[in-house]
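# Results of the structural survey
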Amino acid sequence: MADKNKINVLLVEDEENIAKMLMLNLELENYDVKLANDGIKALQLFQKNSFDLVILDVMLPELNGYDICEEIRKTNKQIPILFLTAKNTGEEKIKGLKLGADDYITKPFNLEEFIL
């Protein structure tokens, strides 16, 4: 069961090393993190749990981050969504923001800046 005092985060990342590093650092900052390594699992977790923040990669197995963002926004307009992705063109950033993301950070990224 999730701690009511912690911020619940859905982390959607298929690169194992990045996922482990992000989970560790978010947990050290007192976040409760659930990991999905593909798009279908991400939507299943989102539908079954209550989250305060979604962190999405774009390039994922099964369903991409843009599609996940679009699906989440159909039912939840308030939850903050952050893209964290290697897709770094202006066009891709605009697409993510237009689909409802609150921010778009590109890889490689500064961990301290990300946590803040």
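Because the structure is a prediction, the values reported are computed rather than measured.

This brings us to the overall build of the chain. If you tally the helices and strands in the chain, you get five helices and five strands. At 13 Å, the chain has a C-alpha radius of gyration in line with the 13 Å of a compact globule built from 116 residues. Projecting the C-alpha coordinates of the chain onto the three principal axes gives extents of approximately 40 × 30 × 25 Å. Across the 116 residues in the chain, those meeting the buried criterion constitute 43%. Partitioning the contacts of the chain with sequence separation of at least 6, the portion at a separation of at least 24 is 58%. Accessible area for the chain stands at about 6900 Å²; split by element, carbon and sulfur atoms hold 48% of it. For the chain, the separation between the mean place of its 14 positive charges and that of its 21 negative charges on side chains is 5 Å.

Once the charged atoms of two side chains with opposite charge are near each other, the side chains can pair. One pass over the structure, following the stated rule, counts seven salt bridges. Three or more residues joined by partner-sharing salt bridges are found here, namely Glu 13, Glu 15, Asp 57 and Lys 107.

By the bridge criterion, six bridges tie strand 1 (residues 7–12) to strand 2 (residues 31–36) in an arrangement that is parallel. Bridging across to strand 2, Leu 11 finds its partner in Leu 35. With helix 1 (residues 16–28) bridging strand 1 and its parallel neighbour strand 2, the resulting β-α-β unit is right-handed.

As paired elements, strand 4 (residues 81–85) and strand 5 (residues 103–106) share four bridges and run parallel to each other. Note on strand 5: the bridge partner recorded for Phe 83 is Tyr 104. The parallel pair strand 4 and strand 5, bridged by helix 4 (residues 90–98), forms a crossover whose chirality is right-handed.

On the secondary structure map, Lys 20 appears in helix 1. Placed 15 residues apart in sequence, Lys 20 and Leu 35 show a C-alpha to C-alpha distance of 9.2 Å.

What follows concerns unusual backbone geometry. Between Lys 107 and the following residue, Pro 108, the backbone shows a cis peptide bond with an omega angle of -5 degrees. Non-glycine residue Glu 62 carries a positive phi angle of around 75 degrees. When you line up the elements, Glu 62 lands in the loop between strand 3 (53–56) and helix 3 (65–75). Residue classification places Glu 62 among the exposed residues on the basis of a relative accessible area of 64%.

Procedures and definitions
- Residues numbered from 1 in each chain as written.
- Predicted model: local features only at pLDDT ≥ 70, side-chain atom pairs only at ≥ 80, totals over all residues.
- Heavy atoms only, no water.
- Helix = DSSP H or I, 4+ residues; strand = E, 2+ residues; numbered from the N terminus.
- Rg over C-alpha atoms; globule rule 2.2 N^0.38 Å.
- Buried < 20%, exposed > 50% of the residue type's maximum accessible area, 1.4 Å probe, protein only.
- Contact = heavy atoms within 4.5 Å.
- Areas by Shrake-Rupley, 256 points an atom, 1.4 Å probe, with all protein chains shown as cover.
- Lys, Arg positive; Asp, Glu negative; His and termini not counted.
- Charge placed at Lys NZ, Arg CZ, Asp CG, Glu CD.
- Salt bridge = Lys/Arg side-chain N within 4 Å of Asp/Glu carboxyl O.
- Pairing = 2+ DSSP bridges.
- Right-handed = clockwise from strand over helix to strand, strands pointing away.

So far we have only geometry, and geometry alone does not tell us how the molecule works.
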